[in-house]
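These are the residues of each chain, in order.
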Amino acid sequence: MEYISYSFIAFVAAGLILYALLPKAYGKYILLLASLIFVGLSGGIFSLAFLCISIAVTFVCARAMERTEKNGLRRLMFFLTVLFHLSLLFYFKYQNFWEYTKELFYYISGSEYLPELTERRAPLGISFYTLMLISYAADVYMKKRKAEASAASFTLYASYFGHIVQGPIDVYG
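The structure contained in this document is the topic of the report that follows. (Residues numbered from 1 in each chain as written. Predicted model: local features only at pLDDT ≥ 70, side-chain atom pairs only at ≥ 80, totals over all residues. Heavy atoms only, no water.)

1. Some thoughts on the packing of aromatic side chains
Where we set the bar: The aromatic pairing rule takes the rings of Phe, Tyr and Trp, using the six-membered ring of Trp, and pairs them if the centres are within 6.5 Å, calling planes under 30 degrees apart stacked, those over 60 edge-to-face and the rest tilted. By the criteria applied, helices consist of DSSP H or I runs no shorter than four residues and strands consist of E runs no shorter than two, each listed in order from the N terminus. Between buried and exposed lies partly exposed: a residue is buried under 20% and exposed over 50% of the maximum accessible area for its type, with that area taken using a 1.4 Å probe on protein chains only.
Using the criterion set out here, one finds 15 aromatic pairs in the structure. Ring geometry for Phe11 versus Phe38: centroids 6.3 Å apart, planes at 40 degrees, classification tilted. In this pair, Phe11 is assigned in helix 1 (residues 6-21) and Phe38 in helix 2 (residues 27-67), connecting sequence segments 27 residues apart. Under the relative-accessibility criterion, Phe11 is labelled buried at 15%. Taking the centre distance of 5.1 Å and the plane angle of 65 degrees together, the rings of Phe46 and Phe50 count as edge-to-face. Of this pair, Phe46 and Phe50 are both found in helix 2, four residues apart, which corresponds to roughly one turn of the helix. You can call Phe46 partly exposed: its relative accessible area is 26%. Among the aromatic residues, ring-to-ring pairing joins Phe46, Phe50, Tyr91 and Phe92 into one connected group.

Keep in mind these numbers describe shape, not what the thing actually does.
What follows is the structure, encoded as structure tokens:
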């Protein structure tokens, strides 16, 4: 689903109508449901699954970082969170980096090298939400903010359809 399409206009209109008809207490949940549906329709179940896994890992690790007083353990949890996210990002977006690097070195040395490129379909918005979730984890690690207690609020922050594809990268709050 693209932003400039009749299906997107219909999707937003349906969400606004639902938002207007239901009590205001459900507003956050309507936006959350709309965001998850948007990711599912735009990127497929594959993109939705990776988004939810990334959100869950960050949510659990941030809550654990906040609960522990041991700096070494906090640092380890932050490192593992960043490593997890960057590994996924590198796997999906930069899988051909080494092949291009080898091609460059062969070119510099005057030889020819044909890279064996790998095609992988990256989850929708992975670069955007990876950097956003790492930023959130860094803020919790450095005690700039408390870890979000509500899984629904945190999931809405990370998956909001109004910015998941377009950006800009936000800070939590």
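Having put the structure on the table, let's press on.
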